[in-house]
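Fold and contact review
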2 protein chains.
Amino acid sequence: MPNPETSQASKYAPPNMLSQSRVTIENVQPQVDEGTFPSKRVIGEKVRATASIHTDGHNAIGATLQYRKTGESDWQETPMELKQPGLDLFEGVFEVTELGYYEFTISAWIDAFTNWSRDTKKKLAAGQDVTLELTEGAVLINDAIKDAPASAREDLAKYAAMLDTFEYQLVLQSAALHDLMHKYSRRGRVREYNKILSVMVESERALYGAWYELFPRSVTNKKEKHGTFKDVIAHLPYVQDMGFDVIYLPPIHPIGKAARKGPNNTLTPGPNDVGSPWAIGAKEGGHKAIHPELGSLADFHELINAAAVRGIDIALDIAFQCSPDHPYVTEHPEWFYRRPDGSIRCAENPPKRYEDIYPIDFECEDWEALWEELKDVVVYWAQQGVKVFRVDNPHTKPYPFWHYLIREVKRVFPETVFLSEAFARPKVMAYLAKCGFSQSYTYFTWRNNKEELTTYFNELYNSELADYLRPNLFANTPDILPDFLQYSGRSGFMIRAALAATLGATYGIYGPPFELCVTDSMPNAEEYKDSEKYEIRTWNLEDPHSIKDFITRLNKIRRSNIALHANRNLKFLNIDNREMIAYTKSTEDGANTILVVVNLDPHHTQSGYLQIPFAELGADQSFQVHDLITGVRFFWTGDTNFVQLDPQVSPAYVFKVLRKLKSERDFDYFA
Amino acid sequence: MPNPETSQASKYAPPNMLSQSRVTIENVQPQVDEGTFPSKRVIGEKVRATASIHTDGHNAIGATLQYRKTGESDWQETPMELKQPGLDLFEGVFEVTELGYYEFTISAWIDAFTNWSRDTKKKLAAGQDVTLELTEGAVLINDAIKDAPASAREDLAKYAAMLDTFEYQLVLQSAALHDLMHKYSRRGRVREYNKILSVMVESERALYGAWYELFPRSVTNKKEKHGTFKDVIAHLPYVQDMGFDVIYLPPIHPIGKAARKGPNNTLTPGPNDVGSPWAIGAKEGGHKAIHPELGSLADFHELINAAAVRGIDIALDIAFQCSPDHPYVTEHPEWFYRRPDGSIRCAENPPKRYEDIYPIDFECEDWEALWEELKDVVVYWAQQGVKVFRVDNPHTKPYPFWHYLIREVKRVFPETVFLSEAFARPKVMAYLAKCGFSQSYTYFTWRNNKEELTTYFNELYNSELADYLRPNLFANTPDILPDFLQYSGRSGFMIRAALAATLGATYGIYGPPFELCVTDSMPNAEEYKDSEKYEIRTWNLEDPHSIKDFITRLNKIRRSNIALHANRNLKFLNIDNREMIAYTKSTEDGANTILVVVNLDPHHTQSGYLQIPFAELGADQSFQVHDLITGVRFFWTGDTNFVQLDPQVSPAYVFKVLRKLKSERDFDYFA
């Protein structure tokens, strides 16, 4: 129940409204939940701050954007420009160049000098006497002189004096004076926006990257031999050649023996069954230990370094749950839920029970020590050189815990990246992103047709979500073999790969089942049959059925086209076939434009007429497109052009748009 | 420049997040600008508060809406229900029954009892042993007993005891226990929403009413005789018979002689020219005085009372500007803008000058006394019995001034209604509504075709605007004779009247030019020729060309169909003719449903097939519609029905939907 003492009942009467500025600043973007959470950018991105700024009457407005790295005492200032007069929309831009937090706010005021200059020009044009106006202008300039630094005073005084001469018209036209006055004219009753908004700046990896998930224990040529970190090191060229930036490993910690699961999640394992890596903790240790069969800590360091040499980040899984054998269970029984008979409660989603997993009681009495210990787990692996973390089921742990953990880890390791595996309801998924996760798994996995994809990606990139939730488009995971992939054959895998790799600046696959187009599932389920979660598998990586060459091509295209390193630049195009989808991504300067057309039907050749948004592509009525998958080039002219895709050959075009086409106008004698 | 001392840099780390509830409350509606301004309702309306409330895992959530009249110390509490689980959307409702301000907020917590009850039922259904669960349930009930009032303890204890018997299944099924536990179970770590939101409650007139603007001086049968308040009293039956609720009078104050305007806004008036009522102030007085030619204060009181007897409110114009003859100019020269030569600056919009108007300097040094005096002007007229004010050009005065004035007047006269005449940019129009205006003129005046109307009214009624901006749909004003009316003849006036009267709970016309279908304009302008703003006009009210009978019919329909007393209930229907528009308004209980079809083409008969949203109309696949304009009845069946309108007869159907049609199922022997 709110306390009447601290009631904000008076809030509907803005404080000191009587003495405030006549200028109003509204709808300031970007901001997340009224500024409670930072919006997100990566190094080198721009923060484009917009606001509706308005006042009464015909008054011109001056506005500045102030920004700084959080912790610095001085603000930097950049003018805001009126971009859409009808909406009173102002915009200012600054760049974020360092990891950590930035903050910004806005000031605005009635710009008396611009009012004066504009009105006086109009009166002059109408032949009216402006004697009094010139005197009024001199007052404004002389006021500025009082506040200006010595360096500017002389110039200002020169202009003030000119108003008294026949040269007064020059004063009204002077851009130099306009700039001086923007800086030094008296800002009467400045409106300061009532909040300082924050921006969290992360490394480029938070926005851009191709992920490859693999089970190290399956990097082996026979089921009986447990793959090791050393095997993964030997396997690196395979992943590197395909063009991946991140290798994500399921938990690498000792696996519990109590209630261990057998193949296909059975409850009756044999003595040699390896168990699920997510049943974390055994007598060999818990979340800071390494499963002995994978190798030593030194081997792990070697893997990190060998991957780094090849430009690959090793990402670890953070799954905060314990096997009954986890050392925490005996050392900190108070961190778990106790039942009335003194037993520890296992994980359950009634009527299902997961006897091999003890959930942690994040609200136990000893929660502060518990939270610190769990945070130290992440810090420990960051100290070992891991900078990318995929967090398992964050939506089953309290939001405040993640807010605390990510913030504390980033305080020491600002380059860390956290991926949230929350296949939860939309508000939950979004809130975890607000709490600090750099990236999120999404519903992409289940969005297949044109309408689903268009709606979903417009929601992700064209709503406020885009300010704090960065998708990581996994096409499959060890938990999810989507129906579409089960029934669409090799072309289906290529379709999903092409969509993931071009719709998302970050995407991922779980291999080798993905590139090998594995479709064996448990009956009526999205679970893989004979899942690597419960057993060691071997794979024939040289299977001619593999689509690794297609994936390699996609990743090469991603690397060399920076338009694909962003998300908010996605624009869908019209194409008159509901089985085909088309979209562009373009850099802000237009120097790099990618146009993608995908045949969403894995079974049939489809064709259609594509509408070309010439203006948006910065093109004239004709240009060349170069398909970076097959190498084919088309010369397109007019506002619609024909496209056709046979999914058995390639279900996608990833065109580079080459704008400059020669025409008769390019010849010297033209015009 | 923000002060680093008071910087909110720490805001992105919500304070005390570590110790806070796991539950999150987001997107609370209604709220205006993060709770800075109240949302608006009229007496008897409901406040439907919604929020996204969620937490981690599978936890059930308990939530309550707390509300009270502002100033009361005790909160009332009503449960919030989960309306859309996929969006975690909860809703609670309360009714506002008194003028003034209400406030509300929300609390939410993890509902341990519902969690327990839900999970235990699932385990029982799966045949699992629930011995420990029953003990856990007893703990929850016994905790509630400790906090519950004596009256509830016995019942709770009975249920706790039953858990120990074979009747435990009854405990799990008991709705009575569920209610008791909702009230008394321990609410662990309650999340209180971080704001108390406000609702301004106004009289019904703020939402619903038909307005008629007239110039009292033209209530005369010859140009030479200045109409008076007594003439207006004699004229009341004419306006009452048409069914209007409000008569709005242009300024009734003494009119300045200095720089007085002649007919058609000319600068060379004759000695008998009456001038513009908006050139306020002469030697006879200013904003608190009455123009002597209209009558005395006693006459004015008589008009107010005579109108009240007929159910009509008299609305006054508030135009805060002065003629050079206004007493303020000599008594308070400091309230005006001074130029360098000591003269007072007249109103201007360069290169235009308005020599008959001095604008007021709202930021002058003596602003506090000035603001108080202007507020007292409104208080004075409220004391004379005026409750409705139409404010002239509020967008040329500072926002904080209006916020102050409306709030101060409403403190004493909470029933007052303020209409903002701000034909300004959208953000400005909206902000004046936020500052407290009850109603606003809109762009309806210039929205004519189907797409324009659909887009605009969806924006007005289905966006956040609907929480604070109430439209008053004037079809014409003394300043605006829209192009559509100039070129569409009598049918055009009927079209606009039908749209205004049914799209808006409040609408208005400026008569008699509207009902007489006057189309004479100044060349290439929306200004009336020989405008009443500058001269006395006489009108033949019995002209057979008049559409007063049509207007009378519309106003009768409005009075007897409360579905038309609201705005947010507007829904557009599909009709396959771009010249025709169709929409419904329905009461929440579905008891009153109006379906409007308008032919927007004033020249041709148009017809089309209308799609019937049976489910929304609460109807079966057939029903009767009764046109309240012509009396015709149609029996409609199937999902599309044919409609045709000849604009020369009536350009609109205003159907009452009669749902209960007899069919074979209504006979006893059926089924």
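Since the structure is predicted, the reported quantities are computational estimates derived from the model, not experimental observations. (Residues numbered from 1 in each chain as written. Chains lettered and ligands numbered in written order. Predicted model: local features only at pLDDT ≥ 70, side-chain atom pairs only at ≥ 80, totals over all residues. Heavy atoms only, no water.)

In terms of regular secondary structure, chain A is built from 15 helices and 28 strands. Summarising its shape, the C-alpha atoms of chain A cover approximately 100 × 75 × 45 Å along the three principal directions. Put simply, chain A has 671 residues, and 59% of those count as buried. At a minimum sequence separation of 6, the contacts of chain A that also span at least 24 residues come to 75%. Element-wise, carbon and sulfur atoms account for 50% of the exposed surface of chain A, whose accessible area totals about 27,200 Å². Mean positive and mean negative side-chain charge positions of chain A (72 and 91 charges, respectively) differ by 1 Å. (Helix = DSSP H or I, 4+ residues; strand = E, 2+ residues; numbered from the N terminus. Buried < 20%, exposed > 50% of the residue type's maximum accessible area, 1.4 Å probe, protein only. Contact = heavy atoms within 4.5 Å. Areas by Shrake-Rupley, 256 points an atom, 1.4 Å probe, with all protein chains shown as cover. Lys, Arg positive; Asp, Glu negative; His and termini not counted. Charge placed at Lys NZ, Arg CZ, Asp CG, Glu CD.)

With that settled, consider the relation of the copies chain A and chain B. With an RMSD of 0.1 Å, the operation that places chain A on chain B is a rotation of 180° combined with a shift of 0.1 Å along the axis. In symmetry terms, the pair is related by a two-fold rotation axis. Among all residues of chain A, the minimum C-alpha distance to the rotation axis is found for E34 of chain A, at 3.6 Å. (Least-squares fit on C-alpha atoms with pLDDT ≥ 70 in both.)

Glancing now at the environment of L570 of chain A. Residue and element names in this part refer to chain A. Within the fold, L570 resides in the loop between helix 15 (548-560) and strand 21 (571-573). A sequence separation of 517 residues divides L570 from I53, and the C-alpha atoms of the two residues are 28 Å apart. Other than its neighbours up to four places away in sequence, L570 contacts F457, Y461, L503, Y583, T584 and K585.

On to the interface of chain A and chain B, then. Contact with chain A, which involves 90 residues of that partner, is made by 90 residues of chain B. Summed over both partners, the interface of chain A with chain B comes to about 8,100 Å²; 53% of that surface belongs to carbon and sulfur atoms. Our count for the chain A to chain B interface comes out at 20 salt bridges. Connecting chain A to chain B are 24 residue pairs in polar contact (both at pLDDT 80 or more). (Buried area = accessible area lost by both parts, 1.4 Å probe. Salt bridge = Lys/Arg side-chain N within 4 Å of Asp/Glu carboxyl O. Polar contact = N/O pair within 3.5 Å; in protein donor to acceptor, adjacent residues only side chain to side chain.)

What follows covers the pattern of salt bridges. Counted according to the given criterion, the structure contains 93 salt bridges over all chains. Between K283 of chain A and E284 of chain A there is a salt bridge; the shortest N-O distance is 3.3 Å. Residue classification places E284 of chain A among the partly exposed positions, given a relative accessible area of 40%. As a salt-bridge pair, E588 of chain B and K46 of chain B come within 4.0 Å of each other at their nearest N and O atoms. One end of the pair, E588 of chain B, is in the loop between strand 22 (580-586) and strand 23 (593-599); the other, K46 of chain B, is in strand 3 (residues 46-54), with 542 residues separating them in the sequence. Several salt bridges converge on common partners, so that one network encompasses K123, E133 and E136 of chain A together with R339, R345, E348 and R353 of chain B.

Glancing now at unusual backbone geometry. P350 of chain A connects to P351 of chain A through a cis peptide bond whose omega is 5°. Residues G511 of chain B and P512 of chain B are joined by a peptide bond in cis, for which omega reads -5°. Within the secondary structure, P512 of chain B sits in the loop between strand 20 (506-510) and helix 15 (548-560). With phi around 50°, N524 of chain A is a residue other than glycine that occupies positive phi space. Mapped onto the fold, N524 of chain A is located in the loop between strand 20 (506-510) and helix 15. A positive phi angle, near 55°, is found at D530 of chain A, a position not held by glycine. Assignment of secondary structure puts D530 of chain A in the loop between strand 20 and helix 15.

A word on the packing of aromatic side chains. Residue and element names in this part refer to chain A. Under the definition given, this model contains 86 aromatic pairs over all chains. Measuring from ring centre to ring centre gives 5.2 Å for Y441 and F474, while their planes differ by 5°; the resulting arrangement is stacked. With Y441 in the loop between strand 18 (439-440) and helix 12 (450-462) and F474 in strand 19 (residues 473-474), the pair connects residues that are 33 residues apart, well separated along the chain. For the pair formed by Y441 and F474, the shared burial category is buried. Between F623 and W636, the ring centres sit 6.4 Å apart and the planes meet at 75°, which makes this aromatic pair edge-to-face. Separated by 13 residues along the polypeptide, F623 in strand 25 (residues 622-627) and W636 in strand 26 (residues 633-637) bring together distant segments of the chain. By relative accessible area, F623 is classed as buried at 0%. An aromatic cluster is built from F320, F362, W367, W371, F401, W402, Y404 and F437, whose rings are joined through pairwise contacts. The positively charged end of R447 is found above the aromatic ring belonging to Y456, 5.1 Å away from the centroid. Between R496 and the ring centre of F444, over which it is positioned, the NZ or CZ distance is 4.1 Å. (Phe/Tyr/Trp six-rings, centres within 6.5 Å; stacked < 30°, edge-to-face > 60°. Lys NZ or Arg CZ within 6 Å of the ring centre and 35° of its normal.)

Okay, the pairing of strand 26 (residues 633-637) of chain B next. All names here are of chain B. Of the strand pairs in this sheet, strand 25 (residues 622-627) and strand 26 are connected by five bridges, and their pairing is antiparallel. Opposite S622, over in strand 26, you have T637 as the bridge partner. Hairpin geometry of strand 25 and strand 26 is characterised by an intervening segment of five residues between the two adjacent antiparallel strands and by a positive phi of about 90° at G631. (Pairing = 2+ DSSP bridges.)

This next bit is on the side chain of R496 of chain B. All names here are of chain B. Along the chain, R496 falls in helix 14 (residues 489-503). Despite being buried, R496 has no salt bridge partner; E452 is the closest side chain of opposite charge, sitting 6.8 Å away. Ignoring anything within four residues of it in the chain, the contact list for R496 reads F444, T445, R447, N448, F484 and L485.

A separate point is the confidence of the model for chain A. Residues and elements named next belong to chain A. In this model, chain A carries an average pLDDT of 93, and 95% of its residues clear a pLDDT of 70 or more. Every residue in residues 1-16 is under pLDDT 50, and counting partners more than four places away or in other chains gives 39 contacts. Interface confidence for the predicted complex, given as ipTM, is 0.91, next to a pTM of 0.92. (pLDDT = per-residue confidence, 0-100.)

This part is about helix 7 (residues 297-309) of chain B. Residue and element names in this part refer to chain B. The terminal C-alpha atoms of helix 7, which comprises 13 residues, lie 18 Å apart, in line with the 18 Å expected from a rise of 1.5 Å per residue. Considered for burial, the residues of helix 7 that qualify are D299, F300, L303, I304 and A307. Across the axial projection of helix 7, the buried residues extend over an arc of 145°, all falling on one side. Exposed side chains of helix 7 directed beyond 90 degrees from the buried face belong to A298 and V309. Against helix 6 (229-242), strand 12 (246-249), strand 13 (313-318) and helix 9 (367-383) lie the buried residues of helix 7. Measuring from the side-chain oxygen of the N-cap residue of helix 7 to the backbone nitrogen of A298 gives 3.3 Å; that N-cap residue is S296. G311 lies just past helix 7 and shows a positive phi near 75°. (Expected span 1.5 Å × (residues − 1). Arc of directions from axis to C-beta.)

Once that is clear, we can look at helix 9 (residues 367-383) of chain A. Residue and element names in this part refer to chain A. Across its 17 residues, helix 9 extends 24 Å between first and last C-alpha, which sits within 8% of the 24 Å expected from 1.5 Å per residue. Restricting attention to buried positions, one finds in helix 9 the residues W367, L370, W371, L374, K375, V377, V378, V379, W381 and A382. Phi for G385, located one or two positions after helix 9, is positive at around 110°.

All names here are of chain B. Tracing the chain through its elements places Q439 in strand 18 (residues 439-440). A relative accessible area of 1% places Q439 in the buried class. Those residues within four positions of Q439 in sequence are excluded, and the remaining contacts are R205, A206, L207, W211, V417, F418, L419, S420, R470, N472 and T506.

Our focus in this paragraph is the packing of helix 2 (residues 131-147) of chain B against helix 5 (residues 175-184) of chain B. Residue and element names in this part refer to chain B. Packing of helix 2 against helix 5 leaves a shortest axis separation of 9 Å and a crossing angle of 55°. By the angle between their directions, the pair helix 2 and helix 5 is classed as oblique. Considering how the two elements wind past one another, helix 2 and helix 5 form a crossing that is left-handed. The segment helix 2 lies against helix 5, with L140, I141, A144 and D147 engaging L177, M181 and Y184. Among the residues forming the contact of helix 2 with helix 5, the class breakdown is six nonpolar, no polar and one charged. (Axes fitted to C-alpha atoms, helices over the stretch in contact; angles between N-to-C directions. Parallel < 35°, antiparallel > 145°, perpendicular 65-115°, else oblique. Left-handed = near helix turned anticlockwise from the far one by under 90°. Nonpolar A, V, L, I, M, F, W, Y, C, P; charged D, E, K, R; others polar.)

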